[in-house]
Amino acid sequence: MKRLLSSREALVTGLLLLLIVITGLFNPNFFKFDSIVEIFNASLTLVLISLGEMFVILTRGIDVSVGATAGLAAVVLGTTLNLGWPVGWAIVAALATGTLAGMLNAFGVTMLRVPPIIMTLGTLGIYRGLMRIITGGSWIENLPQSIKEPNLWSFAGVPFFVWLTALVIATTAYWTLRARPARYFYAVGDNEEGAYLLGLPVRPTQFMAYTLAGVFAAMAAIVFTSQIGFVSMNAADGFELKAIAANVLGGVSLTGGVGTPLGAAVGALFLTAVHSMLIFLGVPGIWDNAFAGVILLAVVYVDYRVRSTLESQRRQARIRGDVGGGAS
Amino acid sequence: MKWTRIFRTWEFALAVLLVLEILVLGWINPVFFNLENLLYSTLDFSHILFAALPLTLVIITAGIDISGVSIMGLASITLGLIWVAGVNIFVALAIALLVGILAGAFNGFFVAKTDVNPLVITLGTLFMYAGIAQGMPALLDFLGFKAYGSAGLAAYQYEGITGLPDSFIALTEGTVGIVPYPFILVLLFAAALSLLLHKTRFGRYLYLIGVNPKAAAYSGVPIQKVLVWAYVLSGFGAALAGVMLTSYFTSARADLGGDALLPIITAVVLGGADILGGSGTILGTLLAGMLLGFLRQGLLAIGVTNDLIQVVIGALLISAMAVKQLMHVYGEYRLNRKALSQKERG
């Protein structure tokens, strides 16, 4: 029980299941296969952005420009498509935009040594401004069918993008668990000096984290552009804060070195599910933000209480001479 | 202390930049040289200063408060709703400020009592306060309390609560000579905070907590109390900003100040406060806020679009920080060289 409580992924998944059951009791329609799939489908953008953000947070950084990066990539995607580029090349252009945007953040943080929150706050303004300058402030509409098409594909009743995102989560989860370079993110975030003294490539690792955040934001841009079929000027607005909230909910610690892709994904799913659940419960969507904020605060507070209780038990055990005991 | 040291401070550099900026912008567009216009344009960014000045105190303690932008909307809508309920507008104003103080106190207690990162806490309250502000009119509507006049809920959601009394609008329209009221209030607020930060024990505690919280705890600093007050001031400043914007826009809205987060933090950081805590001054934030505000006004006046200004401000923030960091690195390098050469000599 103690172990379950101290695992944030389990705590949040449990809370999510509880909320789903409660919602289902009030409104049985919620239990239908279609509504569950719809929640997954609606969460994809946030899941992808949160996964990218996770790498940055693991290295003890923060990236508040991911939403703007996604917006910029979506604008590039839409503009190139409307210029008549084939969909494949437009997607490459969007991914390149995300990569470059991420690399600019990475350059500022690792080479110019600008504190991450300042660097990415600056690029947040820059990318949002560029978005409007490229389009002249108007929405990008009349996108060709070729980009909307993938959203209609589905296998076994589940949309193609849900499968694709699941695959991305699985790959990332496997990679961060098994691959040596991926463990560097944890080492650098947990103890930067220590990682440096061990001879780990600290700055390249940080560089990689911000670049990955950009790449994932671009992937999210492709998914939501395909899903909604146009690009508005406030596309992915505020997603940077939601992505951070999703990570924190899912147990990715802002103090670095702790967290898993699965946690980040569950956190993002949770935040999206709250929205759907409120609708099913008949609460106006306007309460979304309040609810998300309360849940976030409640989860970090419970987490704090659990940690401090465990810590004091460990201390008690040590006083009794039971060295190392009490740690579950 | 040599008096020439004043020329080497960051605040002095900011003051020089501010003068240069006004000269250059005035040279391009002489309208800018008109003192009255210049002062009048402060109305457009006074709210940034109201929020940024007390935020400096929070950042000095190595904390951060991003929920201010939501507190602005919360204060504004509180003021509007209470006024619609038939209460005198200035009583409503006082209650709105009180709401800001309470919101700040909630942040402060959460930060002081737990070890959770202040960014996470104020991110949570950013959502929570914004959600409450957005939801309140709908909730009141649901309960049968018609808060939005005859035009209905849809009209309210479009234009906010309008028709506020003239005496309240006069708060931002009025002037002393040619200086608008809000700017005078900004200066008074800055002076008060500056005294608090630089001339009281409380102020020194803020720096000590930012530099080394453990040393602060061992030397008997009432850390929790000091932190709560820092966040209370930040919440109060944000509420003041919300009230001022309500008067300036002549309508109470839940989403006021939503895009102010970037300029607010830019002002504090450009003003010389270290985001990692332990340094920063009120004068620096004031000068940086004015620098940014006038830059925006000046660029708008010479026909630069809002979008490009956003890019310019972002780039400015990054380059200012980069220059500061590189100067720091160079300074260390020079000190090391000096120390080494002295050692060689003897």
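### Some remarks on the overall build of chain B
Within chain B, the regular secondary structure consists of 15 helices and 2 strands. Taking 346 residues into account, the globule formula puts the C-alpha radius of gyration at 20 Å, and chain B, at 22 Å, falls close to it. Taken across its 346 residues, chain B has 47% of its residues classed as buried. Taking the contacts inside chain B whose residues are at least 6 apart along the sequence as the reference set, 76% of them involve residues at least 24 apart.

### Focus on the overall build of chain A
Summing up its helical and strand segments, chain A has 14 helices and 2 strands in all. Taking 2.2 N^0.38 as the reference for a compact globule, 328 residues should give roughly 20 Å; the C-alpha atoms of chain A span a radius of gyration of 21 Å, in line with that estimate. With the C-alpha coordinates aligned to their principal axes, the bounding extent of chain A is approximately 75 × 55 × 35 Å. Here the contacts in chain A between residues at least 6 apart in sequence split such that 76% fall between residues at least 24 apart.

### Some words on the nonpolar core
Residue and element names in this part refer to chain A. With 202 residues, the main nonpolar core has Ala70 and Ala221 as its most contacted residues. A per-element tally of this core places helix H11 (residues 202–228) first, with 17 residues. Once residues within four sequence positions are removed from consideration, Ala221 is found in contact with Ala70, Ala73, Ala74, Leu77, Ala94 and Gly98.

### Side note on the packing of helix H3 (residues 46–60) of chain B against helix H9 (residues 181–199) of chain B
Residue and element names in this part refer to chain B. In contact at an axis separation of 10 Å, H3 and H9 are set at 5° when each is read in the N-to-C sense. Judged on the interaxial angle alone, H9 and H3 are roughly parallel. Together, Ser46, Leu49, Phe50, Leu53, Pro54 and Leu57 of H3 and Pro182, Phe183, Val186, Phe189, Ala190, Leu193 and Leu197 of H9 make up the contact between the two elements. A per-class count over the contact of H3 with H9 returns 12 nonpolar, 1 polar and no charged.

### Some thoughts on the interface of chain A and chain B
Each partner contributes residues to the interface: chain A has 40 residues there, and chain B has 35 residues. Among the secondary structure elements, those contributing two or more residues to the side of chain A that touches chain B are helix H6 (116–135), helix H12 (239–249) and helix H14 (288–319) of chain A. Broken down by element, the side of chain A that touches chain B gets its largest block of residues, 14 residues, from H6 of chain A. A per-class count over the side of chain A that touches chain B returns 28 nonpolar, 8 polar and 4 charged.

### Observations regarding H3 of chain B
Residues three or four positions apart in an α-helix share a direction because the helix packs 3.6 residues into each turn. Residue and element names in this part refer to chain B. For H3, which comprises 15 residues, the first-to-last C-alpha distance of 22 Å matches the rise-based estimate of 21 Å (1.5 Å per residue) to within 8%. Residue Pro54 marks the point of greatest curvature in H3, where the axis turns by about 25°. Most of H3 is tucked away: 15 of the 15 residues are buried. Just downstream of H3, Ala62 is the residue with a positive phi angle, here 70°.

### Considerations on the packing of H3 of chain B against helix H13 (residues 261–270) of chain B
All names here are of chain B. Across the interface, H3 lies against H13 with an axial gap of 9 Å and an inter-helix angle of 55°. As summarised for this structure, H3 and H13 are arranged oblique, according to the angle between their axes. As for the relative orientation of H3 and H13, their crossing is right-handed in sense. For the pair formed by H3 and H13, the contact residues are Ile48, Ala51, Ala52, Leu55, Thr56 and Ile59 on the first element and Pro263, Ile264, Ala267 and Val268 on the second. When its residues are assigned to classes, the contact of H3 with H13 shows 9 nonpolar, 1 polar and no charged.

### Quick look at the confidence of the model for chain A
Residues with a pLDDT of 70 or more make up 96% of chain A, whose mean pLDDT is 85. Averaged over each element, pLDDT in chain A is lowest for helix H1 (residues 2–6) of chain A (54) and highest for helix H5 (residues 87–110) of chain A (93).

### A closer look at unusual backbone geometry
Comment: phi is negative for the bulk of residues other than glycine, and the bulk of peptide bonds are trans. Positive phi outside glycine occurs at Arg113 of chain A, with the angle close to 60°. Along the polypeptide, Arg113 of chain A turns up in the loop between H5 and H6. In this model, Ala62 of chain B sits at a positive phi of 70°, which is unusual for a non-glycine residue.

### Points about helix H13 (residues 261–280) of chain A
All names here are of chain A. An ideal rise of 1.5 Å per residue puts 28 Å on 20 residues; H13 measures up with 28 Å between its terminal C-alpha atoms. Across the 20 residues of H13, 14 count as buried, placing the element largely inside the fold. Looking one or two residues past H13, Gly282 carries a phi angle of roughly 85°, positive in sign.

### Focus: the environment of Trp85 of chain A
Within the fold, Trp85 of chain A resides in the loop between helix H4 (66–82) and H5. Leaving out residues up to four positions away in the same chain, Trp85 of chain A has contacts with Thr80 and Ala90 of chain A.

The rules behind the values
Residues numbered from 1 in each chain as written. Chains lettered and ligands numbered in written order. Predicted model: local features only at pLDDT ≥ 70, side-chain atom pairs only at ≥ 80, totals over all residues. Helix = DSSP H or I, 4+ residues; strand = E, 2+ residues; numbered from the N terminus. Rg over C-alpha atoms; globule rule 2.2 N^0.38 Å. Buried ≥ 20, exposed ≤ 12 C-beta atoms within 10 Å, placed from the backbone. Contact = placed C-beta atoms within 7 Å. Core = buried A, V, L, I, M, F, W, Y, C linked by C-beta atoms within 7 Å. Axes fitted to C-alpha atoms, helices over the stretch in contact; angles between N-to-C directions. Parallel < 35°, antiparallel > 145°, perpendicular 65-115°, else oblique. Nonpolar A, V, L, I, M, F, W, Y, C, P; charged D, E, K, R; others polar. Expected span 1.5 Å × (residues − 1). Bend = angle between axes of the 7 residues up to and from the residue. Left-handed = near helix turned anticlockwise from the far one by under 90°. pLDDT = per-residue confidence, 0-100.

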